[in-house]
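A look at the structure
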Amino acid sequence: MKIALLGYGRMGKEIEKIALQRGHEIVIKSTGENTYDINEADVAIDFSVPASAYSNISNCINNNIPVVSGTTGWLDKYNEIVDLCNEKGGAFIYASNFSLGVNVFFELNKQLAKMMSTLEQYNIAIEEIHHTQKLDAPSGTAITLAEGIIENTNKKAWELDEKTSEENIPITAVRTPDVPGTHTVTYSSEVDTIDIKHTAHNRQGFALGAVIAAEWLHNKTGIYTMRDVLNLG
């Protein structure tokens, strides 16, 4: 399979290694400028920057190239991409995190939220820790965790750092050197605390998940998630 890498930073290079190990060919390595011919590729993987993601993804869909995106910080235009994909009969997967373990963690988070939903004595909080080069805060993964809790409890929204309402979930974003990503969901009461936690040891898990998603999406049409790729329900 011929793969276009839209974004060739640290994640792009990690994806390249995994893709080559799995027998694929990298035909495009974009560092930001749309000077490539996307039609050289069978599928594209976008790990660019928020300012480039929408252009990258829409270019793929307009040219009938399936595209997988893990770029966060651009989701105010997500519905526009959905509409374009439906209009063009394209193929698209977005995930805030492609790690196979994190996507299992997302499902565990939802199940725990359902079980805790009637226990009002517990306060809910999320903490995410990432490397200092991460551009957005909170992380897309932390937002996905918060959304999973909101879907299954009486919480209404998430907010960064400070909790201003009992109906909201506070997310603390910590930036420290050389941390690929750690996410913790905490339920705390006066008598005990329940934590669930995912710790990434390196970027290989993110890269592997993105390549598996691209393999799965090839020759399909529609809008999917990692739940579809991993058959999680």
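Described below are features of the structure shown in this document. Sequence order as written defines the numbering, with residues in each chain counted from 1. Under the rules for a predicted model, residues below a pLDDT of 70 receive no local features and side-chain atom pairs below 80 are neither given nor counted, while totals for whole chains, interfaces and linings still include all residues. Hydrogens and waters are ignored; side-chain quantities use all the structure's heavy atoms.

What follows concerns unusual backbone geometry. Non-glycine residue asparagine 64 carries a positive phi angle of around 60 degrees. Only protein chains enter the accessibility calculation, which uses a 1.4 Å probe. A residue is then buried if its area is under 20% of the maximum for its type, exposed if over 50%, and partly exposed in between. Classification of asparagine 64 by relative accessible area gives exposed; the value is 55%. The backbone phi angle of asparagine 219 is positive, close to 70 degrees, even though this residue is not glycine. Numbering of helices and strands runs from the N terminus; a helix is a DSSP stretch of H or I covering at least four residues, while a strand is a stretch of E covering at least two. In this structure, asparagine 219 sits in the loop between helix 6 (204–217) and strand 11 (222–224).

We now examine the sheet that holds strand 9 (residues 182–188). Whether two strands pair comes down to DSSP finding at least two bridges between them. Read across the open sheet, the five strands follow the order 7-8-6-9-10; overall the sheet is mixed. Only two strands of the sheet have a single neighbouring strand rather than two, namely strand 7 (157–160) and strand 10 (193–199). Direction aside, neighbouring strands of the sheet carry axes that sit 20 degrees apart on average. One ladder, built from five bridges, connects strand 6 (residues 123–130) with strand 8 (residues 168–175); its direction is parallel. Bridge assignment links glutamate 128 to a residue of strand 8, and that residue is alanine 173. Between N-to-C directions, angles cover 0 to 180 degrees, with each direction set by a line fitted to C-alpha atoms, over the stretch in contact for helices.

Close contact between helix 2 (residues 50–62) and helix 3 (residues 78–88) brings their axes to 9 Å; oriented N to C, the two are set at 10 degrees. With respect to helix 3, the element helix 2 is oriented roughly parallel. Here Tyr54, Ile57, Ser58, Ile61 and Asn62 of helix 2 come into contact with helix 3, specifically with Glu80, Ile81, Leu84, Cys85 and Lys88. Looking at the contact of helix 2 with helix 3 residue by residue, the class counts come to six nonpolar, two polar and two charged. For classification purposes, an angle smaller than 35 degrees is called roughly parallel, one larger than 145 roughly antiparallel, one from 65 to 115 roughly perpendicular, and anything else oblique. We call two residues in contact whenever any of their non-hydrogen atoms come within 4.5 Å of each other. Under this grouping Gly is polar, as are all residues other than the nonpolar Ala, Val, Leu, Ile, Met, Phe, Trp, Tyr, Cys and Pro and the charged Asp, Glu, Lys and Arg.

So, on to the environment of threonine 71. Structurally, the position occupied by threonine 71 is in the loop between strand 4 (67–69) and helix 3. For threonine 71, a relative accessible area of 4% corresponds to the buried category. Taking the C-alpha atoms as reference, threonine 71 lies 22 Å from alanine 157; in sequence the two are 86 residues apart. Contacts of threonine 71, omitting those with residues within four sequence positions, involve Asp46, Phe47, Ser48, Val49, Pro50, Ala53 and Tyr94.

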